[in-house]
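The residues making up each chain are set out below.
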Amino acid sequence: MNVSGSTAIDPVRRWAVACGVFVVGATALRLYWIAGGRWGYTACDRTALVDPAGGCGADRVEALPFWAGWGAVGIGIALAMVVVSAVRFPGRRPAVAASWTAAAFLLVVAFPLHLLFEIPAALAGRPSDWRDLGARLTLVAGGVLFAGLANASGPPRRPAALGYQPVPRWTRLWAYTAVALPVVGWAVPHALWVLDVPFGISERELNDIDQDLSTLTGVAITVVPPLAGLLVLGLVQRWGQQFPRWVPGLGGRGVPRLLAVIPAGVVALALVAYGVLSVAVFVGRLVTGDLPWSDVVQGWAVAATLTVFLAWGVSLGVTTTGYALATGLIGHAPRPSAGRREPPFEPTTADASTTSARNDRSAHETH
């Protein structure tokens, strides 16, 4: 009994150690910044990068902003308490909920959608703040670690389905929607803008795009999202549950379910967050009068893109849920009552005589 109990706890401890290393490292870096060090720190504003290679004058910053200094240290302490509670109270709903909340918080703060566009733009030669990108990728890793901790410390689940499990039809429809949206709502208009076609925007906005983006950067930003969207098909196809036969060393083996669910869930969360925030800012500017309706009519494609992100995130989230349902990631196994065990069925003498009489009567009727 002790062996099985320790075996059940080991995955929680492993994830807790990984989360603890992340928290200690991130908190130590913030304390280093508070003490006056500036390695890895950036003062750049992503909307107006000036000297991104030097952190936009990070060495000249004397007082850190609250959330970059002591505020982040306080968050680190809170995350450490989440790790301790997950180890001490595995399976308890408050501890599991705290781990999932920490994972969602880190992923939202990291803003993976920004990374989805900024990294290909940086690789294409656009000036970028690699300190900021590195910090955000680290936060994404931390969010994934806390998601793993929440999954490991959660209640027992029913056994995962073996082999390929077809997903429901509604999951396929949502998946095809999630694939089509970045193509129709993002790639098509951006491709037209790269080709100097003012589709849904004014000539002034088109000139601004030409000045801000090189052709290579524009192509990278245009192509990457729809290509990434094609991966959604793995959630409704066999290769999303079993590696194809031609994959060396892995052909025919099952795909780890979390390998599919966690990245898809992260992107879905980021897309929904970006869509909600962008629509809120857009509506706020309309209400205050900062954005006249005439500009909205002229640049309707930009406004439509905001809703595309929101719909893209929702469709991806629903598809991921359908995949988790089909493969057994969702659905908890019933917990046996403490100290109560159902006895195995053993036929009594009365049951045996009744069964014998029934068999004799059946044989007589047949004869």
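Whatever comes next refers back to the structure up there.
Below: a short report on this structure.

Criteria and thresholds
- Residues numbered from 1 in each chain as written.
- Predicted model: local features only at pLDDT ≥ 70, side-chain atom pairs only at ≥ 80, totals over all residues.
- Heavy atoms only, no water.
- Helix = DSSP H or I, 4+ residues; strand = E, 2+ residues; numbered from the N terminus.
- Buried < 20%, exposed > 50% of the residue type's maximum accessible area, 1.4 Å probe, protein only.
- Contact = heavy atoms within 4.5 Å.
- Areas by Shrake-Rupley, 256 points an atom, 1.4 Å probe, with all protein chains shown as cover.
- Salt bridge = Lys/Arg side-chain N within 4 Å of Asp/Glu carboxyl O.
- Core = buried A, V, L, I, M, F, W, Y, C linked by side-chain atoms within 4.5 Å.

1. Quick word on the overall build of the protein chain
The helix and strand inventory of the protein chain stands at 12 helices and zero strands. In sequence order, the protein chain lays out its α and β elements as α-α-α-α-α-α-α-α-α-α-α-α. When burial is assessed residue by residue, the protein chain has 36% of its 367 residues classed as buried. Across the protein chain, the fraction of contacts at a sequence separation of at least 24, relative to all contacts at a separation of at least 6, is 74%. Of the roughly 21,400 Å² of accessible surface on the protein chain, a fraction of 66% belongs to carbon and sulfur atoms.

2. As for the pattern of salt bridges
Applying the stated criterion across every chain yields a total of one salt bridge. Across the salt bridge formed by Arg136 and Asp132, the nearest N and O atoms sit 3.0 Å from each other. Of this pair, Arg136 and Asp132 both sit in helix H5 (residues 130–153), separated by four residues, roughly a single helical turn.

3. Digging into the nonpolar core
In terms of nonpolar packing, the biggest core is built from 21 residues, with Phe22, Leu79, Val83, Leu106, Phe146 and Leu149 touching the most fellow members. Listing elements by their share of this core, those giving two or more residues are helix H1 (2–34), helix H2 (70–88), helix H3 (93–110), H5 and helix H9 (257–288). Not counting residues within four places of it along the chain, the set of residues in contact with Phe146 comprises Cys19, Phe22, Val23, Leu79, Val82, Val83, Ser99, Ala102, Ala103 and Leu106. Membership of the second largest hydrophobic core comes to 19 residues, among which are Val261, Leu271, Tyr323 and Ala326.

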